[in-house]
Amino acid sequence: MSGLSVRGRALSLYRNCLRSARTWQALEPQNTEQEREYILTESKAAFRAHQSLPSHLALEELDAGEKRYEYAWHYRIPYPRIPVHPRFQKKFRAAPLPPPVTSRPKPGATNP
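In every chain, residue numbers begin from 1 and rise along the written sequence. Only residues with pLDDT of at least 70 are given local features in this predicted model, and only at 80 or more are side-chain atom pairs given and counted; all residues enter the totals for whole chains, interfaces and linings. Side-chain metrics rest on all non-hydrogen atoms present in the structure, leaving aside hydrogens and water.

Draft legend 1. Just the overall build of the protein, in detail. Elements are defined by DSSP. Helices are runs of H or I of four residues or more, strands are runs of E of two residues or more, and each kind is numbered from the N terminus. Within the protein, the secondary structure is distributed over three helices and zero strands. Mapped from its N terminus to its C terminus, the protein presents α and β elements in the order α-α-α. Only protein chains enter the calculation, and the probe is 1.4 Å; a residue is then buried if its accessible area is under 20% of its type maximum, exposed if over 50%, and partly exposed in between. Across the 112 residues that make up the protein, the buried fraction comes to 20%.

Draft legend 2. Highlighting the packing of aromatic side chains. When the centres of two rings from Phe, Tyr and Trp lie within 6.5 Å, Trp using its six-membered ring, the rings pair. Their planes under 30 degrees apart give stacked, over 60 give edge-to-face, and anything left gives tilted. Inspection of every chain in the model, using the stated rule, returns four aromatic pairs. A centroid spacing of 4.8 Å and a plane angle of 65° characterise the contact between Y14 and F47, whose relative ring orientation is edge-to-face. One end of the pair, Y14, is in helix α1 (residues 6–23); the other, F47, is in helix α2 (residues 32–49), with 33 residues separating them in the sequence.

Draft legend 3. How the structure looks around α1. Taking 1.5 Å of rise per residue, the 18 residues of α1 would be expected to cover 26 Å, and the 26 Å separating its terminal C-alpha atoms lies within 8% of that figure. Looking only at α1, the buried set comprises G8, R9, S12, L13, N16, C17, S20 and A21. Two residues qualify as a contact provided that any one of their heavy atoms is within 4.5 Å of a heavy atom in the partner residue. Among the structural elements, α2 and α3 (55–75) are those in contact with the buried residues of α1. Residue count minus one, scaled by 1.5 Å, sets the expected span of a helix.

Draft legend 4. Focus on the side chain of R36. Assignment of secondary structure puts R36 in helix α2. There is a polar contact of 3.5 Å between the side chain of R36 and the backbone oxygen of R22. What R36 contacts, discounting residues up to four positions off in sequence, is A21, R22, T23, W24 and Q25. Distance and chemistry together define a polar contact, namely a pair of N or O atoms within 3.5 Å, with one atom able to donate a hydrogen and the other to accept it when in protein, and with adjacent residues in sequence counting only for side-chain atoms on both sides.

Next comes the structure, spelled out in structure tokens:
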């Protein structure tokens, strides 16, 4: 999609969102209509709120919108992802290894 203009990308994403609002099937069938309505109203509100952004900011918002669209279809959840607090994003750090044993006492020897 790198060849499309900002306007072209925005229209493409908007069409995809409107199409999703018509064809969405919720994981729980009783929630399908509610989720379709959410997708429709959220899409319209987001595009209206960002329609007057300059190009460099619009590109960032389009990237975020396309990512959210892909997440919604992949996980089958139309709602935004809950951000993870930085405190819980600690990377796994292995416990330091004990210092290597350089010499071992001989069996039967006494320590001075």
